[in-house]
Amino acid sequence: MSVKVAQNHAVSDKELRKEFCDTLLAMAAEDDKVVVLDADLMNAAGTKPFRAAYPERTFDCGVQEANMIGVAAGLSSRGFVPFTHTFGPFAARRACDQIFMSCAYAKQNVKVVGSDPGITAALNGGTHMPFEDMGIMSTIPEMTVVEPCDLVSVGKVTRLAKETKGCWYIRLHRKGAPTVYEEGTDFTVGKANLLKDGKDVTIIAMGYLVAEALKAAEALEKEGISARVLDMWCLKPLDEEAVLAAAKETGAIVTAENHNVKNGLGSAVASTLAQNCPAILEMVGVQDEFGEVGPTPYLAERFKLTADEIVAKVKKAVARKA
Amino acid sequence: MNEVKKFAVDIRKETIKCIGNLGVGHIGGALSIVDVLAVLYGGEMNIDPKNPQKDDRDMLVCSKGHAGPAVYATLALKGYFPMEMLDTLNKPGTRLPSHCDMNRTPGIDMTTGSLGQGASSAMGIACANRLKGYNNYTYLILGDGEIEEGQVWEAAMFAAAKKLSHMIAFVDYNKAQIDDTPENLCALGDVAKKFESFGWFAQNVADGNDVEQISAAIAKAKAEAGERPSVIVLNTVKGKGYSKIEGSLGSHNMPVTAEMVEEAVAELDKAAAALA
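No experiment lies behind these values; they were computed from the predicted model shown.

Remarks on the pattern of salt bridges
All names here are of chain B.
Argument step 1. In this structure the tally under the stated criterion is 40 salt bridges over all chains.
Argument step 2. Arg-12 is paired through a salt bridge with Asp-35; the nearest N and O atoms lie 2.6 Å apart. Of the two residues, Arg-12 sits in helix H1 (residues 2-22) while Asp-35 sits in helix H3 (residues 34-44), which places them 23 residues apart along the sequence.
Argument step 3. Using a relative accessible area of 6% as the deciding quantity, one classes Arg-12 as buried.
Argument step 4. A salt bridge links Arg-57 to Asp-109, with the shortest nitrogen-to-oxygen separation between them at 2.9 Å. Residue Arg-57 is found in the loop between H3 and strand S2 (59-62), and its partner Asp-109 is found in the loop between helix H4 (68-78) and helix H5 (117-131); the two are separated by 52 residues along the sequence. Of the two residues examined, Arg-57 and Asp-109, each falls in the buried class.

Observations concerning the nonpolar core
Argument step 1. Met-123 and Phe-195 of chain B are the most contacted members of the largest nonpolar core, which totals 77 residues.
Argument step 2. Counting residues per element, this core draws most heavily on H5 of chain B, at seven residues.
Argument step 3. If you look at the next biggest cluster of nonpolar residues, it comprises 64 residues, including Phe-20, Cys-149, Ala-161 and Ala-307 of chain A.

With respect to the packing of helix H4 (residues 65-77) of chain A against H5 of chain B
Argument step 1. One way to put it is that H4 of chain A packs onto H5 of chain B with a least axis distance of 6 Å and a crossing angle of 45°. On the basis of their axis angle, the class for H4 of chain A and H5 of chain B is oblique. Pair H4 of chain A / H5 of chain B crosses with right-handed handedness. Every residue of H5 of chain B that contacts H4 of chain A at Ala-66, Asn-67, Gly-70, Val-71, Gly-74, Leu-75 and Ser-77 of chain A is listed here: Ser-120, Ser-121, Met-123, Gly-124, Ile-125, Cys-127, Ala-128 and Leu-131 of chain B.

Side note on the sheet that holds strand S9 (residues 227-231) of chain A
All names here are of chain A.
Argument step 1. Taken together, five strands build an open sheet; the order of strands is S7-S9-S8-S11-S12 and the sheet is mixed. The sheet terminates laterally at strand S7 (193-196) and strand S12 (280-286), the two strands that pair on one side only. The sheet shows a mean angle of 25° between the axes of neighbouring strands, taken without regard to direction.
Argument step 2. Bridge count between strand S11 (residues 252-260) and S12: six bridges; the pairing is parallel. When the sheet's bridge partners are listed, Val-254 is paired in S12 with Glu-282.
Argument step 3. The sheet contacts of helix H11 (residues 265-276) involve strand S8 (201-205), S11 and S12, and relative to S11 the element is tilted by about 145°.

Focus on the pairing of strand S3 (residues 138-143) of chain B
Residue and element names in this part refer to chain B.
Argument step 1. S3 sits mainly inside the fold: six of its six residues count as buried.
Argument step 2. Every second residue of S3 is oriented toward a common face, with Thr-138, Leu-140 and Leu-142 on one face and Tyr-139, Ile-141 and Gly-143 on the other, all of them buried.
Argument step 3. Inspection of the sheet shows S2 paired to S3 by four bridges, in the parallel sense. Across the sheet, Val-61 pairs through a bridge with Leu-140, a residue of S3.
Argument step 4. By the bridge criterion, six bridges tie S3 to strand S4 (residues 167-173) in an arrangement that is parallel. Across the sheet, Leu-140 pairs through a bridge with Ala-169, a residue of S4.

Observations regarding H1 of chain B
Argument step 1. Across its 21 residues, H1 of chain B extends 31 Å between first and last C-alpha, which sits within 8% of the 30 Å expected from 1.5 Å per residue.
Argument step 2. Taken from the residues just after H1 of chain B, Gly-23 of chain B is the one with a positive phi, measuring 105°.

As for the packing of helix H1 (residues 16-30) of chain A against helix H8 (residues 151-163) of chain A
Residues and elements named next belong to chain A.
Argument step 1. Axis separation between H1 and H8 bottoms out at 9 Å; the angle between their running directions is 35°. For the pair H1 and H8, the crossing hand works out as right-handed. Facing H1, whose interface residues are Leu-16, Glu-19, Phe-20, Thr-23, Leu-24, Ala-26, Met-27 and Glu-30, H8 presents Leu-151, Val-154, Gly-155, Thr-158, Arg-159 and Lys-162.
Argument step 2. Classifying every residue of the contact of H1 with H8 by side-chain character gives seven nonpolar, three polar and four charged.

Structural notes on the packing of aromatic side chains
In this description, an aromatic ring pair is defined by two values, namely the gap between the centres and the angle between the planes.
Argument step 1. Per the counting criterion, the structure on display carries ten aromatic pairs over all chains.
Argument step 2. Aromatic side chains Phe-131 of chain A and Phe-303 of chain A sit 5.2 Å apart centroid to centroid with 70° between the ring planes, which places their arrangement in the edge-to-face category. Taken together, the positions of Phe-131 of chain A in the loop between strand S4 (111-115) and helix H7 (133-138) and Phe-303 of chain A in the loop between helix H12 (296-302) and helix H13 (307-321) put the pair 172 residues apart, joining distant regions of the chain.
Argument step 3. On the basis of relative accessibility, which here comes to 2%, the residue Phe-131 of chain A falls in the buried class.
Argument step 4. On the basis of an interplanar angle of 20° and a centroid distance of 6.2 Å, the ring pair of Tyr-139 of chain B and Phe-170 of chain B is categorised as stacked. Taken together, the residues span a long stretch of sequence, with Tyr-139 of chain B in strand S3 and Phe-170 of chain B in strand S4 at a distance of 31 residues. Phe-170 of chain B matches Tyr-139 of chain B in its accessibility class, with the two residues each being buried.
Argument step 5. One aromatic cluster in this structure is built from Trp-153, Phe-195, Phe-198 and Trp-200 of chain B.

Thresholds, definitions, all that
- Along each chain, the written sequence defines residue order, and numbers are assigned to residues from 1.
- Chains and ligands are labelled by the order in which they are written, letters from A for the one and numbers from 1 for the other.
- Thresholds applied to this predicted model are a pLDDT of at least 70 for local features of residues and 80 or more for the giving and counting of side-chain atom pairs; totals over whole chains, interfaces and linings are not thresholded and use all residues.
- Processing note: side-chain calculations cover all non-hydrogen atoms of the structure and skip hydrogens and water entirely.
- Basic side-chain nitrogens of Lys or Arg form a salt bridge, by our definition, when they fall within 4 Å of a carboxyl oxygen of Asp or Glu.
- A run of H or I in DSSP counts as a helix once it spans at least four residues, and a run of E counts as a strand once it spans at least two, with each numbered from the N terminus.
- Only protein chains enter the calculation, and the probe is 1.4 Å; a residue is then buried if its accessible area is under 20% of its type maximum, exposed if over 50%, and partly exposed in between.
- Think of a nonpolar core as a cluster: buried Ala, Val, Leu, Ile, Met, Phe, Trp, Tyr and Cys residues, connected wherever their side-chain atoms sit within 4.5 Å.
- The axes are straight lines fitted to the C-alpha atoms, using for helices just the contacting stretch, and the angles between their N-to-C directions are given from 0 to 180°.
- Geometric relationships in this document are graded by angle, where less than 35 degrees denotes roughly parallel, more than 145 denotes roughly antiparallel, 65 to 115 denotes roughly perpendicular, and other angles denote oblique.
- Rotating anticlockwise by less than a right angle from the far helix to the near helix defines a left-handed crossing, while the corresponding clockwise rotation defines a right-handed one.
- Contacts are residue-level and defined by heavy atoms, with any inter-residue pair within 4.5 Å sufficient.
- Criterion used throughout: strands pair if DSSP finds at least two bridges between them.
- Expected helix span is given by 1.5 Å per residue-to-residue step, counting one fewer step than there are residues.
- In this count, Pro and Cys sit with the nonpolar residues alongside Ala, Val, Leu, Ile, Met, Phe, Trp and Tyr, while Asp, Glu, Lys and Arg are called charged and the others, Gly among them, polar.
- Two rings belonging to Phe, Tyr or Trp (six-membered ring only in the last case) form a pair when the distance between their centres is within 6.5 Å. Interplanar angles under 30 degrees mark stacking, angles over 60 mark edge-to-face geometry, and anything in between is tilted.

These values are about where atoms sit, not about what they do.
Here it is in structure tokens:
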């Protein structure tokens with residue numbers, strides 16, 4: 001297993017949805033069982049090139065998320081590998097029962113993609129801003145719940161989803177994102193990626209907060225605090241081994257997520273620690289609030305999803321160790 | 001058709017016996033769909049009980065998953081699994097759960113139970129079969145109460161748009177739900193007309209417990225639907241075949257005693273004798 005961390009964290013010119021679609025196209029060329037479904041958001045998902053290349057394997061269902069998930073279940077039952085897309089809340093909230101029964105309970109192989117995680121829903125506002133999607137999806141037995149954070153990880157995780165039988169929920173940021181990985185990084189289901197080692201504290205981050213965690217770690221280094229940074233891109237199954245190693249080796253953990261800390265990464269890490277190795281834990285994330293409208297940078301400040309907040313929580317955690 | 005009628009009697013007997021063996025179950029809505037099951041599995045469907053996964057088989061989604069016992073009785077009689085297995089219905093560790101489960105029961109093509117969902121998965125199956133280049137049919141059984149679910153109408157619009165010509169849906173219009181009649185609860189109106197306005201080839205079958213009428217409607221659907229999906233509204237009687245509970249609201253899920261089984265089987269034996 002190899003993790004190659006990029007030295008330059010500039011925002012990628014290529015949008016993540018373009019990488020998503022390119023990966024779907026590549027997989028479809030290799031395997032005629034790959035099919036794509038959407039609920040009138042192919043434009044947003046950037047998957048229109050897929051429709052152009054494979055019209056017969058594209059099912060744009062109109063604005064009917066529940067039916068889309070059910071159709072995907074039917075396709076899966078006949079051996080196809082459906083990737084469905086809609087905005088995160090309309091997958092996880094509106095089609096929850098369909099994902100539960102027709103997909104997961106029925107042991108299908110459906111990959112549910114929910115876009116615009118948390119504050120990246122930006123100008124669509126609170127109605128479209130999922131701070132709860134991973135919590136809902138994680139509660140369904142056998143679901144794999146993931147959130148890639150950059151271009152390389154979107155490609156790798158999409159491919160991994162196709163190669164791994166079972167139902168997945170994939171949180172997808174559509175636009176450009178800070179570069180975290182270099183090509184050649186391996187992703188393994190249930191394994192966190194170590195982005196930076198450290199001895200005083202571990203920052204366990206997901207999605208939008210991964211790049212912020214790297215920024216925070218750099219700032220902390222200058223202040224003499226050595227922070228380990230893990231990308232917990234796979235929330236479920238959680239890499240408990242990495243969490244427990246972090247607790248034992250660094251003595252304090254700060255989680256960072258673009259999601260409600262309740263039933264999100266914070267809760268998952270807390271549960272693992274409490275049952276196995278109680279340790280100091282601080283959580284950066286949405287504190288049980290609804291989303292609201294605004295540009296993402298504004299919302300990052302509003303909900304304290306920033307490198308500065310991670311630094312503050314790390315200092316608090318390190319102080320608690322004394 | 002006499003054979004199919006006899007098959008229907010046998011399905012009814014086994015359905016009542018397996019529910020009675022447990023003592024309680026969804027008997028009313030199971031008995032109302034027996035005749036369509038007899039037509040489908042008694043010759044209409046291209047299936048192979050020795051090879052339940054035959055890839056180009058005709059398929060059935062019983063979206064009113066609570067009618068599972070009738071489907072199980074049908075499958076057992078067709079030889080998908082031993083008849084004795086029917087005695088395990090809903091017992092710990094059974095392969096025959098209350099609601100249909102494709103991962104547990106040989107011959108069940110889709111897991112159902114949360115109403116409305118089988119409509120969509122059936123459309124997905126029809127899409128998949130077309131992608132595979134098959135001309136097989138996907139059959140779907142919906143309850144009348146079930147079509148109060150919005151998802152059914154999402155699936156209906158989808159099926160028409162995608163021209164799912166090899167989809168034949170049945171509505172088991174037995175006019176009795178758990179709490180009340182569909183008319184009092186949700187005003188279903190003219191179900192066939194509703195589907196027709198959604199772009200389906202729609203037919204009403206006056207007696208949905210008459211295998212000849214059902215069979216004729218399927219033939220007509222296959223001949224005349226063209227690019228449209230088909231729906232056949234079966235005017236059925238809840239609890240059909242066991243006169244004591246026929247048409248009763250209370251038969252949705254009710255206790256079934258050994259005495260009731262005896263009484264029902266005697267009644268059905270009489271019906272079978274009349275066919276001979």
